[in-house]
Each structure stands twice: as structure tokens, then as C-alpha cells.
Amino acid sequence: MISFCNDARELTRQVIEEFFYGNPEKVLQNFHPDVTWIGAANGQCIRGAEKVSQYISHMELPRCEVFQKEYQVVAHSDDMYVVAGWMEIGVSQGESGKLSVVQRITFIWKKEEDRLKLLHFHVSNPVEFQENSEYFLRPAGKGTFEYVKKLYSQKRRLIACGKHDQTYVLWNKDIVYIEAENTNSVIHCLNRDILSRESISILEKKLGEDFIKTHRSFIVNSRYITGIRRYQLAVRQGIELPIPEKKYREIKEKVLRAVSQRQNEVCT
């Protein structure tokens, strides 16, 4: 019994990896005549070895890599073995980079004449990303890629030119706000202030989308906003910055949107 449990788990791993490496034959040769396949996309619920084989043989999948996986025999009897688990799959989409998603699987193996045959297998994707005709979770992959780009943007560095030919390399997350001082700027960081000989307009172009220009003289990192009231913006350490009366509504909407988006990312 233990031997067949191990065989079921190992066969599951082999079938999945060979399939995503572009070799579906490993899957097809293990089918039970009455195999049922439930795939991630709409319409992928097929029974019978011939029909399932025909469908899978004509699928056009990108070549994938299986980075992480976990498969376990969750139930078994004298002739049935149920393997369930998950796998993280990466796919190359040209210039978009390598994207990854998680897929969940359930395989049921039936023992016949001391050999395991695949009676049922089910692959599922997160339902909110799945499209009707998809074999692989491309939108989720694109979403992953865009999210990684956003994280990179949030963590990227600001290179500022200081006085006396000094150059400062600052992480965006360490900047609380920037204040215009005539044609120069003061970069207020968590632990120090830096005088830059660049104007606030030049620095604005170098910053990520987490920064909001709340006044012609102030750019604020949204992560350090602690409150907003009529014509005043509160930031870290009790500092209050002015908001122009005519732009108050617009600035308030930007601030609330930025704060809400950050909360959603934390909860995700």
C-alpha cells in the first residue's frame, strides 16, 4: 500500500512536469479508458481516453517551468489513490519577462493489474483571473508582472544632485516629502534633510507614482500621509503642509485613492 502511495505521488509529479515541459505523451500513456479531465478553462470537462487525448494533443501551451510544487496522497483505498496539491508555474512571454502563477491539482489513480492508471485529473486556477478559452493563466501572469513592476517602482532610487557637486542616491521609501526652496529643493527623508540644487519640477519627473504633488512647493510620499483636512495635509511626525484652496478637492481624491490602493495591496 505504501509503495503504491509513493508511486501515485511520483507519477503525478512526472505527468505534470512533462506536460508543462511540452511532452504530453507522459500524460496520455497513463490514461484509464474512462478518464475524466476537468481543466481550468470553460469547456474543459471531457470524459474518455480518446476524447481527452485528442483535446490535449491539440493544445498549444507555452513551454513552462515548474518552480515549486507540493503533492500529497490525501486519500486511498485498496485500488484508488487521490493526490492533491499545488504548483508554481513560470512561463516566458517574450519581452514581458518570466511570469508565474499557482495552479491547484487533483489526480485520482486507479490500480489495475498492479499498475496505476489515471482515472480523473483536475487543474484549477484562481477564478477571478480565468478567461473562457484559456489553457494557461495569461492574465494572472500579466497581473503578476505588472505588480512586480509596481513594487520595483516603489522601491527604486532617486538620484539627486546636491550642493558642491555632491550626488545622493536615495530609496524612494526613505523620502517623506520634498519642498521647493527658490530654485533648489529640500528632500526631507526619514532621518535627514538634503539640499538639492535641482528644482522641485525636475525631481518630480524622477519620482515614482507613490508621490503626489500637493502644492507647487511640495511633493509628498503617499505612504507617510497620516490625514487630510480642509487645506491641510498631515504627514509623518505631525508635520502639516498647505493645500491650495482651488485644488483641495482634486488633491483629496488623489490622496484617498493612493491610501486605499496601498491598503488593498497590504491585504492582498
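Scroll up for the structure.
Residues numbered from 1 in each chain as written. Predicted model: local features only at pLDDT ≥ 70, side-chain atom pairs only at ≥ 80, totals over all residues. Heavy atoms only, no water.

Trainee: Would you mind going over the side chain of His188 with me for this structure?
Mentor: If you trace the backbone, His188 turns up in strand E10 (residues 184-189). On the basis of relative accessible area, His188 is assigned to the buried category, the value being 12%. Polar contacts involving the side chain of His188 include one to the side chain of Glu179, which spans 2.9 Å. Other than its neighbours up to four places away in sequence, His188 contacts Ile175, Val176, Tyr177, Glu179 and Asp193. (Helix = DSSP H or I, 4+ residues; strand = E, 2+ residues; numbered from the N terminus. Buried < 20%, exposed > 50% of the residue type's maximum accessible area, 1.4 Å probe, protein only. Polar contact = N/O pair within 3.5 Å; in protein donor to acceptor, adjacent residues only side chain to side chain. Contact = heavy atoms within 4.5 Å.)

Trainee: Which parts of the structure should I look at to understand the sheet that holds strand E14 (residues 225-229)?
Mentor: Remark on secondary structure: sheet strands pair via backbone hydrogen bonds, oriented parallel or antiparallel. One open sheet accounts for three strands, arranged E14-E15-E16; its pairing is antiparallel. The sheet terminates laterally at E14 and strand E16 (239-242), the two strands that pair on one side only. Neighbour to neighbour, the strand axes of the sheet diverge by 25° on average, direction disregarded. Sheet topology places strand E15 (residues 232-235) next to E16; four bridges connect them, and they run antiparallel. By the bridge assignment, Leu233 is partnered in E16 with Leu241. (Pairing = 2+ DSSP bridges. Axes fitted to C-alpha atoms, helices over the stretch in contact; angles between N-to-C directions.)

Trainee: What is the right way to look at the sheet that holds E10 in this model?
Mentor: Spatial strand order, E11-E10-E9-E13-E12: five strands in an open sheet with antiparallel pairing. Each edge of the sheet is formed by a strand with only one pairing partner; in this case those strands are strand E11 (193-196) and strand E12 (211-215). Going from strand to strand, the sheet's axes swing by 20° on average, the running direction of each strand aside. One ladder, built from four bridges, connects E12 with strand E13 (residues 218-221); its direction is antiparallel. Across the sheet, residue His215 finds its bridge partner in E13, namely Phe218.

Trainee: In this structure, what is going on with unusual backbone geometry? I would like to understand it.
Mentor: Negative phi is the rule for most residues except glycine; trans is the rule for most peptide bonds. Even without being a glycine, Asp114 presents a positive backbone phi close to 60°. Looking at where Asp114 falls in the secondary structure, it is placed in the loop between strand E5 (98-112) and strand E6 (115-124). For Asn182, which is not glycine, the phi torsion reads 60° and is therefore positive.

Trainee: Is there a simple way to think about the pairing of strand E9 (residues 175-181) in this case?
Mentor: Regular strands place side chains that alternate from one sheet face to the opposite one. Taken together, the six bridges between E9 and E10 define a ladder with antiparallel strand orientation. Its bridge partner lying in E10, Glu179 is registered against Val186. If you look at the hairpin formed by E9 and E10, you'll find two residues sitting between the two strands, and Asn182 has a positive phi there, around 60°. As paired strands, E9 and E13 are joined by three bridges and run antiparallel to one another. Counted as the bridge partner of Glu179 is Phe218 from E13.

Trainee: Before we go on, may I ask you to explain the packing of aromatic side chains in this structure?
Mentor: Geometry of an aromatic ring pair is reported as the spacing of the ring centres plus the angle between the planes. Summed over all chains, the structure comprises eight aromatic pairs. Where Phe107 meets Trp109, the ring centres are 6.3 Å apart and the plane angle is 35°; that geometry is what we call tilted. A ring pair is formed by Tyr231 and Tyr248, whose centres lie 5.5 Å apart and whose planes are at 75°; its orientation type is edge-to-face. Highlighted residues: Tyr231 in the loop between E14 and E15 and Tyr248 in helix H6 (residues 248-267), separated in sequence by 17 residues. Judged by its relative accessible area of 27%, Tyr231 falls in the partly exposed class. With relative accessibility at 9%, the residue Tyr248 sits in the buried group. Among the aromatic residues, those joined into a ring-pair cluster are Phe31, Trp37, Tyr55, Phe107, Trp109 and Phe121. (Phe/Tyr/Trp six-rings, centres within 6.5 Å; stacked < 30°, edge-to-face > 60°.)

Trainee: Any chance you could explain the side chain of Thr36 here in plain terms?
Mentor: Within the secondary structure layout, Thr36 lies in strand E1 (residues 31-38). Non-local contacts of Thr36, meaning those with residues more than four positions away in its chain, are made with Ile46, Arg47, Leu119, His120 and Phe121.

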